[in-house]
Amino acid sequence: MGFFDKLKQGLGKTKDTFKNAVDSVFVAFSSIDDDFYEELTEALILADLGAQTAMEVVDELKERVKSKHIGNTEEAKAELYAVLNEAISGDSSLDLSGSPAVIMVIGVNGVGKTTSIGKMAHFLKSEGKSVILAAADTFRAAAADQLAIWAERNSVPMIRHEEGSDPAAVVFDACAAAKSRKADVLICDTAGRLHNKKNLMDELEKIYRVIKRELPDSSLEVLLVLDATTGQNAVNQAEMFKDTADITGIVLTKLDGTAKGGIVINIKKKLGIPVKFIGVGEEIDDMQPFDPESFSKALFD
């Protein structure tokens, strides 16, 4: 089964929930009025777009219905899907310029951060790139051990220090290793301690400085890992991390076991952060770069 088929299968629950909620509104109304828009807003909220995003989508639909003189719900429905398609469109590609390119990965415990790093390393290797991992989450017990399992599984080197050591020192050594070995990509695992945002900010800023000083010509992606099954809570996490870190993209895990796929639209419209990787299964190749067109086709067709 190819990744698109897995994506389509994985988004089955989302598609059913989304289309059933939205389509029921268009079936119930023969004319476009305030009651129609109110019911549609509620349906979009139930489809996990969130209240603010749902209202913005409906406001955009209202403007298009008015400007295009749309008079029936069937045409309005097509226009709604056009609005939703545009909401998730745009550039979602990784910036891997420079040598090596650097990817910092952040996220709270339990969202699948370490697994996501392992799967991203597998994908990048399959693209012919050499990868080095940095175990800079030195505060969580056994974090480096878990990452080491993925490093061994992918046959990629990993730089680590003792538990509790300075994360920036790990990244410093990893930058040196990446330069000396002429690696294509350096992936840094970092701690995600939201209970003390000042400590987290200070830690990330220190790591930023090390990377910019040691690898001044390298691109830097800061990817936040979120668990799609947590719905609005994942959006709240993204908002908190956005206040702390310069996030360039989202890694969305566990889309295969949830009806919460509307979170992609919510995150993009509410926070302006593109989803760059999605996971739709447990296998090592079940995480791939996010393709808005394929996602839209799997969800809306």
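We now turn to the structure provided with this report. These numbers come from a predicted model, not from an experiment.

About the thresholds
- Residues numbered from 1 in each chain as written.
- Predicted model: local features only at pLDDT ≥ 70, side-chain atom pairs only at ≥ 80, totals over all residues.
- Heavy atoms only, no water.
- Helix = DSSP H or I, 4+ residues; strand = E, 2+ residues; numbered from the N terminus.
- Rg over C-alpha atoms; globule rule 2.2 N^0.38 Å.
- Buried < 20%, exposed > 50% of the residue type's maximum accessible area, 1.4 Å probe, protein only.
- Expected span 1.5 Å × (residues − 1).
- Polar contact = N/O pair within 3.5 Å; in protein donor to acceptor, adjacent residues only side chain to side chain.
- Pairing = 2+ DSSP bridges.
- Salt bridge = Lys/Arg side-chain N within 4 Å of Asp/Glu carboxyl O.
- Phe/Tyr/Trp six-rings, centres within 6.5 Å; stacked < 30°, edge-to-face > 60°.
- Disulfide = S-S within 2.5 Å.
- Contact = heavy atoms within 4.5 Å.
- Axes fitted to C-alpha atoms, helices over the stretch in contact; angles between N-to-C directions.
- Arc of directions from axis to C-beta.

The next thing to look at is the overall build of the chain. Looking only at helices and strands, the chain has 12 helices and 8 strands in total. Against the globule reference of 19 Å for 301 residues, the chain gives a C-alpha radius of gyration of 21 Å, in line with a compact fold. With the principal axes as the frame, the chain shows a C-alpha extent of 65 × 45 × 35 Å. Counting only residues that meet the buried cut, the chain has 54% of its 301 residues in that class.

Here helix α8 (residues 167-180) spans 20 Å end to end across 14 residues, near enough to the 20 Å set by a 1.5 Å rise per residue. Here α8 has its buried residues at P167, A168, V170, V171, A174, C175, A177 and A178. Its side-chain oxygen placed 3.0 Å from the backbone nitrogen of A168, D166 serves as the N-cap of α8.

In terms of burial, strand β7 (residues 275-279) is largely enclosed, as 5 of its 5 residues are buried. Pairing between strand β6 (residues 249-253) and β7: 3 bridges, direction parallel. When the sheet's bridge partners are listed, L252 is paired in β7 with I278. Direction of pairing for β7 relative to strand β8 (residues 287-289): antiparallel, over a ladder of 3 bridges. Pairing of I278 across the sheet is with Q288, part of β8.

Once that is clear, we can look at the pattern of salt bridges. The full count for this structure, using the stated rule, is 14 salt bridges. Two residues, K254 and D227, come together in a salt bridge whose shortest N-O distance is 3.2 Å. Highlighted residues: K254 in the loop between β6 and α11 (263-271) and D227 in strand β5 (residues 220-227), separated in sequence by 27 residues. The class of K254 is partly exposed, set by a relative accessible area of 33%. Overlapping salt bridges, with partners in common, bring together E60, R64, K68, E79 and E86 in one network.

This part covers the packing of aromatic side chains. Aromatic ring pairs are reported here in terms of the distance separating the ring centres and the angle at which the planes meet. Under the definition given, this model contains 5 aromatic pairs. Members of the aromatic cluster, joined through ring pairs, are F26, F29, F36 and Y37.

Moving on, we come to the state of the cysteines. Per the counting criterion, the structure on display carries 0 disulfides. Not part of a disulfide, C175 finds its nearest cysteine sulfur in C188, a span of 6.2 Å. According to the relative accessible area criterion, C175 is buried, its value standing at 0%.

If you trace the 8 strands from one edge of the open sheet to the other, you get β3-β2-β4-β1-β5-β6-β7-β8, paired in mixed fashion. Two strands in the sheet have a free side with no partner beyond their single neighbour: β3 (158-159) and β8. Where strand β2 (residues 131-136) meets β3, 2 bridges bridge the pair, whose relative direction is parallel. Following the sheet pairing, A134 is matched in β3 by I159. The strands that helix α7 (residues 143-154) touches are β2, β3 and β4 (185-190); relative to β2, the one it contacts most, it runs at about 170°.

Let us look at helix α4 (residues 51-67). Its 17 residues give α4 an end-to-end C-alpha distance of 24 Å, which sits within 8% of 24 Å, the value for a rise of 1.5 Å per residue. Within α4, burial applies to T53, A54, V57, V58, L61, R64 and V65. The arc that holds every buried residue of α4, seen down its axis, measures 130°, which confines them to one face. Exposed residues lying more than 90 degrees from the buried face of α4 are E63, K66 and S67. Contact partners of the buried residues in α4: α3 (34-49), α5 (73-88) and α11.

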